[in-house]
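# Structure at a glance
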Amino acid sequence: MITPAPSLTRIVLGLTGGIAAYKACELVRLFVKAGVRVDVVMTAGACRFVTPMTLQALSGRPVLTDLWTSGADNGMGHIDLSRGADAIVIAPASADFLAKLAQGHADDLLSTLCAARACPLLVAPAMNRQMWGNAANQRNVARLAADGVAILGPGSGDQACGETGDGRMLEAEEIFAAVIASRQPRLLAGRRVLVTAGPTFERIDPVRGITNSSSGRMGYALAQAAVEAGAAVTLVSGPTALPTPPGAVRVDVESAAEMHAAVMARIAGADLFLAVAAVADYTPARVAERKIKKSGAPLAIELEPTIDILGTVAARADAPYCVGFAAESHDVLQHADDKRRRKGIPLIIANRVQDALGRVDNEVTLLDDAGTHPLPRMDKLDLARRLVAEIAARLPRPASPRSRP
Ligand code: CTP
């Protein structure tokens, strides 16, 4: 489910000439679905690739293409359109348009709107790899970055011209996420965050295993919210069907033992550990090498406890700020607080299993030394952003560079 940042209500989306213009159609759809008003402005080049009619149908708003007929009664359409906007996003941004922006040209509607704006400008370059690497283009991009323009991507891969390399426009979902992220307060800037998410899968034999119904959504949403807040995020994930949040480094694991090893290899230097994964508490003592055949007789599988990853991290001398999750079916707050004390962590986030597992929304209560702090039910990504704000307010201030090892 897509939810807008509360602070994003209206954007101007500029399209310039490039085959990636077709991806802008999907981008409009994502913004509109998230409740954001999109005013589309197209250059003459963009109109060669997709029609204004397509963008008009998708945005539900008139599409503007001409400086001289840009609609405003006061003749100030070239200024008015970007005045109330939260951001101008150029996707695709051609090499020619980046050059114009870098030079401050204002000879068509889109470049004029950019020049006369009072809001952030984000550009998603899209071009052939040699055009991207061209010295003049690199100079222009560096100039724009120095001027405070956000450069989204570009990505790397197969190009429309048949070549492979840098210059491909980011996917619509990535641009959407980057624009939303640009509106979030940078509460975790400079922080390193390690997140575990999803279920684990404990093998019984080559085809069977023990797992649980965690979807991974809450952990992935927290990883995304932490990236948006400016953190460097590593997401250690059990098996899920979810896409990696743009900007997070994902490490895939299967079992509790693999998750433990992956966390321990990356925990040093982390400021924050978010243990969101539903880690198996028990694992088969032995994994059968061959598929177990049925015999008609009862079958017992011996299980042994797994390592408590969160407890182990919290017990380290250099432990980061540790946040645990407690999914309980009954006596939620009592069990959660016991768990918090047992594991020696400053904050635990509790919910009823019935309220969270497999759902897109969640209702939680925070428990710390000061007591219990219930939050209203919300979509998991909104909740993740709220939790990031709550956690950031509790995080100890970073050690000064001199006192860090
Ligand atoms: N956790 C962990 N490593 C484990 C088990 C759990 O890091 N081997 C973390 C989870 O990510 C979560 C918290 O610990 O943050 C949950 O605590 P836990 O005691 O495992 O909860 P339950 O398994 O629900 O415990 P119980 O069955 O006793 O209720």
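Keep in mind that this is a model prediction, so the values were computed, not measured.

Rules used throughout
- Residues numbered from 1 in each chain as written.
- Predicted model: local features only at pLDDT ≥ 70, side-chain atom pairs only at ≥ 80, totals over all residues.
- Heavy atoms only, no water.
- Buried < 20%, exposed > 50% of the residue type's maximum accessible area, 1.4 Å probe, protein only.
- Helix = DSSP H or I, 4+ residues; strand = E, 2+ residues; numbered from the N terminus.
- Pairing = 2+ DSSP bridges.
- Right-handed = clockwise from strand over helix to strand, strands pointing away.
- Salt bridge = Lys/Arg side-chain N within 4 Å of Asp/Glu carboxyl O.
- Domains from an automatic or database assignment.
- Core = buried A, V, L, I, M, F, W, Y, C linked by side-chain atoms within 4.5 Å.
- Contact = heavy atoms within 4.5 Å.
- Near = heavy atom within 4 Å.
- Polar contact = N/O pair within 3.5 Å; in protein donor to acceptor, adjacent residues only side chain to side chain.
- Areas by Shrake-Rupley, 256 points an atom, 1.4 Å probe, with all protein chains shown as cover.
- Axes fitted to C-alpha atoms, helices over the stretch in contact; angles between N-to-C directions.
- Parallel < 35°, antiparallel > 145°, perpendicular 65-115°, else oblique.
- Left-handed = near helix turned anticlockwise from the far one by under 90°.
- Nonpolar A, V, L, I, M, F, W, Y, C, P; charged D, E, K, R; others polar.

As a further point, take the pairing of strand β2 (residues 37-42). If a strand is regular, its side chains alternate between the two faces of the sheet. Summarising burial for β2: five of the six residues are buried, a large majority. Where strand β1 (residues 10-15) and β2 come together, six bridges link them in parallel fashion. Bridging across to β2, Gly14 finds its partner in Val41. In this view, the connection linking β1 to its parallel neighbour β2 by way of helix α1 (residues 21-33) has right-handed handedness.

Once that is clear, we can look at the pattern of salt bridges. Applying the stated criterion across every chain yields a total of 28 salt bridges. For Glu26, the salt bridge is made with Arg29, and the minimal N-O distance between the two is 3.0 Å. Highlighted residues: Glu26 and Arg29, both in helix α1, separated by three residues, approximately one helical turn. Exposure remark for Arg29: the relative accessible area of 37% places this residue in the partly exposed category. Note that Arg385 and Glu228 form a salt bridge whose closest N and O atoms lie 2.8 Å from each other. Of this pair, Arg385 sits in helix α15 (residues 380-394) while Glu228 sits in helix α10 (residues 217-228); the two residues are 157 residues apart in sequence, bridging distant segments of the chain. Overall, the relative accessible area of 12% leaves Arg385 in the buried class.

In this model, Ala91 is joined to Pro92 through a cis peptide bond whose omega is 5°. Position of Pro92 relative to the elements: it lies in strand β3 (residues 87-93). Pro154 follows Gly153 through a cis peptide bond whose omega is 5°. In this structure, Asp331 takes a positive phi of about 45° despite not being glycine. Looking at where Asp331 falls in the secondary structure, it is placed in the loop between β16 (321-328) and α13 (332-343).

Looking now at the domain arrangement of the protein chain. Partitioning the protein chain into domains gives domain 1 (10-182) and domain 2 (192-288 + 299-394). A C-alpha centroid distance of 38 Å is found between domain 1 and domain 2.

Let us now look at the nonpolar core. In this structure, Leu188 and Leu387 are the most contacted members of the largest nonpolar core, which totals 37 residues. Looking at this core, the elements with two or more residues in it are β8 (192-197), α10, β11 (232-237), β13 (272-275), β16, β17 (347-352) and α15. It is α10 that provides the largest number of residues to this core, a total of eight residues. Among residues more than four places away in sequence, those in contact with Leu387 are Met218, Leu222, Phe325, Ile349, Val364, Leu366 and Leu375. The next biggest cluster of nonpolar side chains, apart from the first, holds 35 residues, and it includes Ala24, Leu30, Val36 and Leu55.

A word on the site of the ligand. Around the ligand, a shell composed of 15 residues is seen, among which Ala275, Ala277, Asp281, Ile307 and Leu310 lie nearest. Here a nitrogen atom of the ligand sits 2.8 Å away from a polar atom, N or O, in the main chain of Ile307. In the model, an oxygen atom of the ligand is placed 2.9 Å from a nitrogen or oxygen of the Phe325 main chain. Relative to its unbound accessible surface of 580 Å², the ligand loses 75% to contact with the protein.

This part is about the packing of α10 against α15. Packing of α10 against α15 leaves a shortest axis separation of 8 Å and a crossing angle of 55°. The pairing of α10 with α15 is recorded here as oblique in orientation. As α10 runs across α15, the sense of the crossing is right-handed. Contact residues: α10 offers Arg217, Met218, Ala221, Leu222, Gln224, Ala225, Ala226 and Glu228, while α15 offers Lys380, Leu381, Leu383, Ala384, Arg385, Leu387 and Val388. Class assignment for the residues of the contact of α10 with α15 results in 10 nonpolar, one polar and four charged.

This part covers the sheet that holds β3. Read across the open sheet, the five strands follow the order β2-β1-β3-β4-β5; overall the sheet is parallel. In this open sheet, the two strands that pair with only one neighbour each are β2 and β5 (150-151). Here β3 pairs with strand β4 (residues 121-125) via four bridges, running parallel. Each bridged residue has a counterpart across the sheet, and for Ile88 the counterpart in β4 is Leu121. Across the face of the sheet, helix α9 (residues 172-182) comes into contact with β3 and β4 while running at roughly 160° to β4.

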